[in-house]
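Chain and residue survey
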Amino acid sequence: MGGFGGIVEGFAVAFTWSGIVAVFFGVLIGQVVGALPGLGPAAGMALLLPITFGMEPTAAIMMLAGILYGGMYGGTLTSVLINVPGESSSVMTAIDGHQLAREGRAGAALSVSAIGSFFAGITGTFALAVAAVAISSVALQFNAPEFFLLAILGIIATASLGTGSPVKALLMAGFGLAIALVGVDPISGLNRLTFDTNALLEGIDFLPVAIGLFGIAEVLVSLESIKREPVLPARLKDMWLTKSEWMASRMAIARGTLIGFLVGLMPGAGATIAAFLAYVTERRFSKKPERFGHGALDGVAASESANNASVTGALAPMLALGIPGSTGTAVLLAALVLQGIRPGPTLMTDQPVLVWSLIASMLLGNIILLIMNLPLAPLFAALLRVPYVYLAPGIIIFSLIGAYAATLSYSTMVTAMVFGAIGYAMIKLDLPRAPLVLALVLAPLMEESLRQSLLLSLGSPMIFLNRPFAALLLGLVLLFLALPFILRRFKAAGQVA
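As the structure is a computational prediction, the values presented were derived from the model and not from experiment. (Residues numbered from 1 in each chain as written. Predicted model: local features only at pLDDT ≥ 70, side-chain atom pairs only at ≥ 80, totals over all residues. Heavy atoms only, no water.)

1. Considering the layout of surface pockets
One number sums up the size of the second largest pocket: a volume of about 670 Å³. Lining the second largest pocket are 32 residues, and of these A180, I204, F206, L440 and P444 lie nearest its centre. The set of elements that each furnish at least two residues to the lining of the second largest pocket consists of helix 8 (166-181), strand 1 (183-184), helix 9 (206-225), helix 13 (327-338), helix 16 (388-407) and helix 18 (434-456). (1 Å grid on protein atoms, 1.4 Å probe; cavity = no way out; pocket = protein on both sides within 12 Å on 5 of 7 lines; lining within 4 Å. Points joined across faces, edges and corners; volume = space filled by probe spheres on them. Helix = DSSP H or I, 4+ residues; strand = E, 2+ residues; numbered from the N terminus.)

2. Overview of the environment of I187
Following the sequence through the fold, I187 ends up in the loop between strand 1 and strand 2 (191-192). Residue I187 is classed as exposed on the basis of its relative accessible area of 62%. Taking the C-alpha atoms as reference points, I187 and R451, 264 residues apart in sequence, are found 9.7 Å from one another. (Buried < 20%, exposed > 50% of the residue type's maximum accessible area, 1.4 Å probe, protein only.)

3. Focus on the pattern of salt bridges
Counted by the stated rule, this structure contains three salt bridges. Two residues, E447 and R192, come together in a salt bridge whose shortest N-O distance is 2.7 Å. Within this pair, whereas E447 is found in helix 18, its partner R192 is found in strand 2, the two being separated by 255 residues in sequence. Among the residues examined, R192 registers a relative accessible area of 18% and is labelled buried. One salt bridge in this structure joins E282 and R255, with 2.8 Å as the shortest N-O distance. (Salt bridge = Lys/Arg side-chain N within 4 Å of Asp/Glu carboxyl O.)

4. A word on the nonpolar core
In this structure, Y69, L128 and F206 are the most contacted members of the largest nonpolar core, which totals 86 residues. The element best represented in this core is helix 15 (residues 352-383), accounting for eleven residues. The residues touching Y69, leaving out its near neighbours within four places in the chain, are V23, V27, N308, V311, S361, M362, G365, N366 and L369. (Core = buried A, V, L, I, M, F, W, Y, C linked by side-chain atoms within 4.5 Å. Contact = heavy atoms within 4.5 Å.)

5. Some details on the packing of helix 8 against helix 18
Packed helices, taken two at a time, are described by the angle their axes make and the gap between the axes. Following both chains from N to C, one finds helix 8 and helix 18 inclined at 50°, their axes separated by 7 Å at the closest point. The angle between helix 8 and helix 18 places the two elements in the oblique class. Note on packing geometry: the crossing formed by helix 8 with helix 18 is right-handed. Residues A169, M172, A173, F175, G176, L177, I179, A180 and L181 of helix 8 form the contact with helix 18, whose own contacting residues are P435, L436, A439, L440, A443, M446 and E447. Grouping the amino acids of the contact of helix 8 with helix 18 by side-chain chemistry returns 14 nonpolar, one polar and one charged. (Axes fitted to C-alpha atoms, helices over the stretch in contact; angles between N-to-C directions. Parallel < 35°, antiparallel > 145°, perpendicular 65-115°, else oblique. Left-handed = near helix turned anticlockwise from the far one by under 90°. Nonpolar A, V, L, I, M, F, W, Y, C, P; charged D, E, K, R; others polar.)

Fair warning: the whole summary comes from geometry, so function is off the table for now.
Structural data, given as structure tokens:
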């Protein structure tokens, strides 16, 4: 389907009443989830996955995507008003946003965040449409060897480009692959890692794992670390930017959008790195760099634009290649798989209505966010006055109900609680959760593609070198494996010099 025709049909689906309602509730839930410290878009999506089972697939994906990019702005409220980032990508916003709030300019900080998020979301959505089509057209030539190496590349890139230890990331990816192997072998029918337990014969579902790792674990950590600070007012009359403020912020928004989208395309980089790079870049371009850290409005504009643009950038490899670019898109990928839809190069041709409806719904969702955020920011800020200790039990109960509703089995509730404890331990030990999730999601594709490749080559691994695209992907895998060591050598050489 042609790009223009696909977008027209996507708008037709997205602007039905069911589509508008799905997008509205998605961004609304995302706002609330993002505004509550300790939760983020990925956790919100994981908790609400059971609700989507009875929904029409297109509406379900549009709602979950709304939670994803709506949650990015929700974290701005806590960052600006109480100096508690709702998630890691809002840390750079908190640096200057809260200083502006202390100066009585909370409205200006929230307003430039809303406008920057809107511009980044709209621009990133159009760029997503172009990038997804371009990537898919190349990836249509892929077969089993390429898909296997793509899955490997997604996991390795997450480990190499992440902010933590690559060794820890690879270990967590291995743990995720081990979890995915639990159950019955789909070809031989033999039991794998079940330990003679009937409850494990069907394997470990992604849903309770995600609910435990993100929902329950985040709540447990937040309960012991959350601090209460007075909520600074965000009045409606203060929500409008002056002409000088807009002129000072417009280029920051544009640069942040570009950086965010490009960083989002790289698997594993994520919104946090995008916001940091945009902030550092804007400080270099600023005429008043000394204001950064003390209430720079262009610093808020750059970081907020970047973390929202990175969301749309991360969707491109997820839709076109089936490789999540972030933890949030990993949950969205799992939602597509649960709906019986396999993202990848053929998705654009097999499910054109769903893809273009998703892209069109993001335009609609960003418009709703802009309309919602400017006048309703004071109302959302009121949520922050509810003590978190009252919210936490309800979130955990809702998490367990969601896990039970997925299979109507108490074993999934137990799984969610177990992985809640595991997720808590991972946070305390500074072990990354994203590689585990990505490995768990990509494991079926890896196993199936590896077996198909070896069947095609009669067991010869040379099939991964004889095919041009496979050889290129193998080279990228080796490059990303070596990248942490190369960067460490450069860093050491720089320190010696």
